[in-house]
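Here are the chains, one letter per residue:
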4 protein chains.
Amino acid sequence: MGAGKTKRMPRAVREQQMLDAAVRIFGQRGYMAASMDEIAELAGVSKPLVYLYLNSKDDLFSACVRREARALTQAVRAGVRPGLPPDGQLWSGLRAFFTHTARNPDAWRVLHLHARTHGERFAAEVAAMRADIVAFVTQLIAAAARDAHRRPHLPEEEVAGLAEALVGAAESLADWAGATEGVTAKQAAATLMNFAWAGLGDLMTGRPWVPPEEPEPEPAPVPGGAAVPGGAAVPVQAG
Amino acid sequence: MGAGKTKRMPRAVREQQMLDAAVRIFGQRGYMAASMDEIAELAGVSKPLVYLYLNSKDDLFSACVRREARALTQAVRAGVRPGLPPDGQLWSGLRAFFTHTARNPDAWRVLHLHARTHGERFAAEVAAMRADIVAFVTQLIAAAARDAHRRPHLPEEEVAGLAEALVGAAESLADWAGATEGVTAKQAAATLMNFAWAGLGDLMTGRPWVPPEEPEPEPAPVPGGAAVPGGAAVPVQAG
Amino acid sequence: MGAGKTKRMPRAVREQQMLDAAVRIFGQRGYMAASMDEIAELAGVSKPLVYLYLNSKDDLFSACVRREARALTQAVRAGVRPGLPPDGQLWSGLRAFFTHTARNPDAWRVLHLHARTHGERFAAEVAAMRADIVAFVTQLIAAAARDAHRRPHLPEEEVAGLAEALVGAAESLADWAGATEGVTAKQAAATLMNFAWAGLGDLMTGRPWVPPEEPEPEPAPVPGGAAVPGGAAVPVQAG
Amino acid sequence: MGAGKTKRMPRAVREQQMLDAAVRIFGQRGYMAASMDEIAELAGVSKPLVYLYLNSKDDLFSACVRREARALTQAVRAGVRPGLPPDGQLWSGLRAFFTHTARNPDAWRVLHLHARTHGERFAAEVAAMRADIVAFVTQLIAAAARDAHRRPHLPEEEVAGLAEALVGAAESLADWAGATEGVTAKQAAATLMNFAWAGLGDLMTGRPWVPPEEPEPEPAPVPGGAAVPGGAAVPVQAG
DNA sequence: AATGAATGAGGCTTCATTCAT
DNA sequence: GATGAATGAAGCCTCATTCAT
């Protein structure tokens, strides 16, 4: 029963207990499958109290997302070593990121899996957090590009895509590390740095990968369902 | 909606219509939030018919996952140009991947977002598909490593992590491309190749990125919830 | 299944197959829990054919009840040896009864358990059959009473009650014999004859059992639910 | 309906109200045909409350069966006059039995008709109750047999069958009394005592009924369904 | 004579949410 | 500050029954 029967706690404390419980349940079950009953029980309080303090299931979830997004952002920022060169800063930031997600798997699931799944409102909150991190990475890459002599700048759009890829790879690796026994935060960070920075390094010294000369590949002919006479009754989603 | 009221179709056709509708609804709402009513209505049939043919919500979802996993795998395999060197094969495979996901965004959401969220059974089905693709990429990387003179092999574990990172980055970029106006499949593939292959190229010619010498970074101090006197009532998940 | 795929049978045969299947399913599941799907499948035909021939679930059940009531009545009548004295006739009739119910357990369940449970219509059909048998027994008892010299008649109401008790005991014993391994029809009949006829014999020779003199027993004070302050909200059923 | 709209009652009271309503509905309709809607309405509460307290239709039925089985057993035990000779004890017990069943006809239908029909679980609960009563009767018969001089004991198996027949007859008479206007509990008990005890009295003084000498009767020739060319498509149940 | 295709209606169950204390 | 009692709304699933061939 969570906190046992320690009654009459100040409001702020009770609220955090509720959020702790909610993150746990939301993380494991997802928004829809989580029940307010379960959350209240795990928090050790009655359901009406949850409503009194957090108003509704939606608001409760939103509070979880905001709290955990903030915690993650802060953890990453706090982990970065300011004085280092760009790659050192990235390395330290990644380590903080993987450490935090490994220690708070339910929070990470809430942010990465469930918040993006459930609706515009939460997706936007997560997107804001993500944009914050992407901006930070973008700036690191740009700084690194300035440092490299041979080639003045990477074009801005290119940098945006690269930062996106890097953050995306980090997110996927966080999932992977969380699901795979024996992969530490440090190893995950090292793998990603190897994968990313060496490549970025080449880019920045003017040696990008170039696609082979070839005729346009025909796009995959029949993408999904309509392998049946009569065709798809439901119009295919716009590309 | 959908096909209009064309009654009395043969079973196989109706089944595909139902799957089309289900992929769409599941993709947009997620498993739990999707309702059988909505799916039946979009498919243009009554609910009992859906149950007669697909048996249950679980089985319907499973059928969606299997159909779309197969379609995606086949699209990628079909897109790969067999005769090319490893980087050319990867390039063509990535283009097919991004093209397919861009054309079937709901299917991609089902596979990447919802199936992994909802339960062991579906997660396993998606994991199998993913393993298939990861294996393919792993083999490409290994082949490329053999082709490079200077360094005989990358260690096998390293290759596994790299393939994972590459596929993860691809998945994240697919989400990103799907959410961002004006990013084409070709651009996404190019960005990823630049990001990944140039880096891999360096790795394979014996120039990995090396971490700077530095003292251990303190792990992020306050990870998540308990920023409040009295501490967390719910024990934090083990790291 | 059932009859295999022997198509195009004359109507009468198909109807009997359907009734066979229906008796089996109704006997095992009861009216409500039996499904027309299951019955049609066991009969080896499609559902619309069942409706074409037997019209509705209600009518199908009714046909089962009528067929099996008739079969039971006839079996008993056929089993009675006409020339014997009353006890011999009863003995032979009981043997036929227990034999028939033992051989057709599902039919017996339909008549004794389910038809009486499901509604006025079927209860009436079974009651008619039962009345037929009770009348037969009543007449035997009356005949026996006439044969006995010492006491002219048992009063008619008394005879009715006795016949009812005898038939009731027979029905209960049929259930018991059906549920208990190793009890044959013959044994059940012998037990009942011992139980009933010896007693009836005494009655008919003017030696009834007489109740002891005693004060009226207080009726069981609070029979069922209302052991709780506030009393029963639902009025107790009329006595 | 029922209690009017007296809201906010303590749980125990509401639970009894629900059981009262459930016994009534189950008794009249049977398990399958009873609907939770109807029960909730008769109890004067909303359906979710029924589920909150009683958990499921199955559990609700089970609670009814247990409550009523216990009530019936206790009513019979309480009705027996301990000091009397065996026939007096039986007489008093039977009167209590018929009185209780007459006052609680729906409860009696639940126990005797529906619980035995619906599934192993409930059948077992009723069987336990019945075994309790049969054991009591068995012991009475055995005691009476000891009291009678001329014949030392009835064999044990014989006593079991007789007790079964007696209880069965009682059950059937309870149904009959419940369905027939103007038959009182006292009359039903008297009829059964006359029927049973006089017979048992003869048995116990060594004058059993003996079957007439006769050739084996041919078993009833065509028992049930297959009076039709082509024979039964559904195999007849094993005898 | 026979059936594949299809559905309106209804039942069990759960859940977010509120009242009254 | 906190809760036991209670419900409207909605979801999954099944079934008896019919239509068109």
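The structure displayed is predicted, hence computed values, not measured ones.

1. Quick word on the overall build of chain A
Alright, step 1. Counting its secondary structure elements, chain A contains 9 helices and 0 strands.
Alright, step 2. Starting at the N terminus and walking to the C terminus, you meet the elements of chain A as α-α-α-α-α-α-α-α-α.
Alright, step 3. Here chain A holds 239 residues, and the buried ones make up 53% of them.
Alright, step 4. Sequence-distant contacts in chain A: of pairs separated by 6 or more residues, those separated by 24 or more amount to 68%.
Alright, step 5. Total accessible area computed for chain A in this model is approximately 11000 Å², and 56% of it derives from carbon and sulfur atoms.

2. Focus on the protein's contact with DNA strand F
Alright, step 1. Taken together, 34 residues lie near DNA strand F, and Arg8 of chain A, Tyr51 of chain C together with Arg8, Arg14 and Pro48 of chain D sit nearest.
Alright, step 2. Each atom of DNA strand F within 4 Å of the protein belongs either to a base or to sugar and phosphate, the latter forming 52%.
Alright, step 3. A distance of 2.8 Å separates a phosphate oxygen of DNA strand F from a polar side-chain atom of Lys57 of chain C.
Alright, step 4. The contact in question runs from a phosphate oxygen of DNA strand F to an N or O atom on the side chain of Ser46 of chain D, over 2.8 Å.
Alright, step 5. The set of elements that each furnish at least two residues to the surface near DNA strand F consists of helix H3 (47-54) of chain A, helix H3 (47-54) of chain B, helix H3 (47-54) of chain C together with helix H1 (11-29) and helix H3 (47-54) of chain D.
Alright, step 6. Counted by class, the surface near DNA strand F contains 17 nonpolar, 6 polar and 11 charged residues.

3. Concerning the pattern of salt bridges
Alright, step 1. Scanning the entire structure with this criterion turns up 48 salt bridges over all chains.
Alright, step 2. A salt bridge links Glu68 of chain D to Arg67 of chain D; its shortest N-O distance comes to 3.1 Å.
Alright, step 3. In this structure, the salt-bridge partner of Arg130 of chain D is Glu164 of chain D, at a minimum N-O distance of 1.9 Å. Within this pair, whereas Arg130 of chain D is found in helix H7 (residues 120-147), its partner Glu164 of chain D is found in helix H8 (residues 156-179), the two being separated by 34 residues in sequence. One exposure class covers both Arg130 of chain D and Glu164 of chain D, and it is buried.
Alright, step 4. If you follow the salt bridges from partner to partner, you end up with Asp20, Arg67 and Glu68 of chain A in one network.

4. Observations regarding the protein's contact with DNA strand E
Alright, step 1. The full set close to DNA strand E counts 35 residues, and Lys47 and Tyr51 of chain A together with Arg8, Arg14 and Pro48 of chain B are the nearest of them.
Alright, step 2. When the atoms of DNA strand E within 4 Å of the protein are sorted by group, sugar and phosphate make up 54%.
Alright, step 3. Between DNA strand E and the protein, one listed contact pairs a phosphate oxygen with a backbone N or O atom of Met36 of chain A at 3.0 Å.
Alright, step 4. A distance of 3.4 Å separates a phosphate oxygen of DNA strand E from a polar atom in the backbone of Ala34 of chain D.

5. Quick notes on the confidence of the model for chain A
Alright, step 1. Averaged over all residues, the pLDDT of chain A is 79; the fraction at 70 or higher stands at 77%.
Alright, step 2. Within the model, pLDDT remains below 50 along residues 1-5 of chain A, and this stretch shows 7 contacts once partners closer than five positions in the same chain are excluded.

6. What about the UniProt feature "DNA-binding region" (unreviewed entry) in chain A?
Alright, step 1. Using the residue numbers shown here, the UniProt feature "DNA-binding region" (unreviewed entry) corresponds to residues 35-54 of chain A.
Alright, step 2. Taken as a whole, residues 35-54 of chain A contains 80% helix and 0% strand, while its terminal C-alpha atoms sit 14 Å from one another.

7. What about the environment of Arg11 of chain B?
Residue and element names in this part refer to chain B.
Alright, step 1. Within the secondary structure layout, Arg11 lies in helix H1 (residues 11-29).
Alright, step 2. Expressed as a C-alpha distance, the spacing of Arg11 and Tyr53, which sit 42 residues apart in the sequence, is 8.0 Å.
Alright, step 3. The residues contacting Arg11, other than those within four sequence positions of it, are Leu52 and Tyr53.

8. Quick notes on helix H2 (residues 36-43) of chain D
Residues and elements named next belong to chain D.
Alright, step 1. Those residues of H2 that sit buried are Met36, Ile39, Ala40, Leu42 and Ala43. Each buried residue of H2 sits inside an arc of 165° when the element is viewed along its axis, so together they form one side.
Alright, step 2. Buried residues belonging to H2 abut H1, H3 and helix H4 (57-79).
Alright, step 3. Just past H2, the residue Gly44 takes up positive phi, approximately 75°.

9. Observations concerning the nonpolar core
Alright, step 1. Counting 133 residues, the largest nonpolar core has Phe98 of chain A together with Phe98 of chain B as its most contacted members.
Alright, step 2. Tallying contributions element by element places helix H8 (residues 156-179) of chain B first for this core, with 12 residues.
Alright, step 3. Beyond its immediate stretch of four places on either side in the chain, Phe98 of chain B contacts Ala170, Leu173, Ala174, Ala185, Ala188, Ala189 and Leu192 of chain B.

Calculation rules
By convention here, each chain's residues receive numbers from 1 onward along its written sequence. Lettering of chains starts at A and numbering of ligands starts at 1, both following the order in which they are written. Local features in a predicted model are, by the rule used here, given only for residues with pLDDT of at least 70; side-chain atom pairs are given and counted only at 80 or more, and totals for whole chains, interfaces and linings are based on all residues. The basis for the side-chain values is all heavy atoms of the structure; hydrogens and waters are excluded. Only DSSP runs of H or I covering at least 4 residues are called helices, and only runs of E covering at least 2 are called strands; the numbering of each starts at the N terminus. Partly exposed describes any residue whose relative accessible area lies between the buried limit of under 20% and the exposed limit of over 50%, with all areas from a 1.4 Å probe on protein chains only and scaled to the type maximum. In this analysis, two residues are considered to be in contact whenever any of their non-hydrogen atoms come within 4.5 Å of each other. Under the convention used here, a 1.4 Å probe and the Shrake-Rupley method define accessible areas, while residue burial counts only the protein chains that appear. We call a residue near a given molecule or strand whenever any one of its heavy atoms falls within 4 Å of it. Distance and chemistry together define a polar contact, namely a pair of N or O atoms within 3.5 Å, with one atom able to donate a hydrogen and the other to accept it when in protein, and with adjacent residues in sequence counting only for side-chain atoms on both sides. For this scheme, ten residues count as nonpolar: Ala, Val, Leu, Ile, Met, Phe, Trp, Tyr, Cys and Pro. Four count as charged, namely Asp, Glu, Lys and Arg, and the remainder, Gly too, count as polar. Should a side-chain nitrogen of Lys or Arg be within 4 Å of a carboxyl oxygen of Asp or Glu, the pair is scored as a salt bridge. As a per-residue measure, pLDDT reflects the predictor's confidence and takes values from 0 up to 100. UniProt positions are given in the numbering used here, feature names are shortened, and annotations may be inferred rather than shown by experiment. To obtain the arc, one takes the directions from the helix axis to the C-beta atoms. We call a set of buried residues a nonpolar core when its members are Ala, Val, Leu, Ile, Met, Phe, Trp, Tyr or Cys and they connect through side-chain atoms within 4.5 Å of each other.

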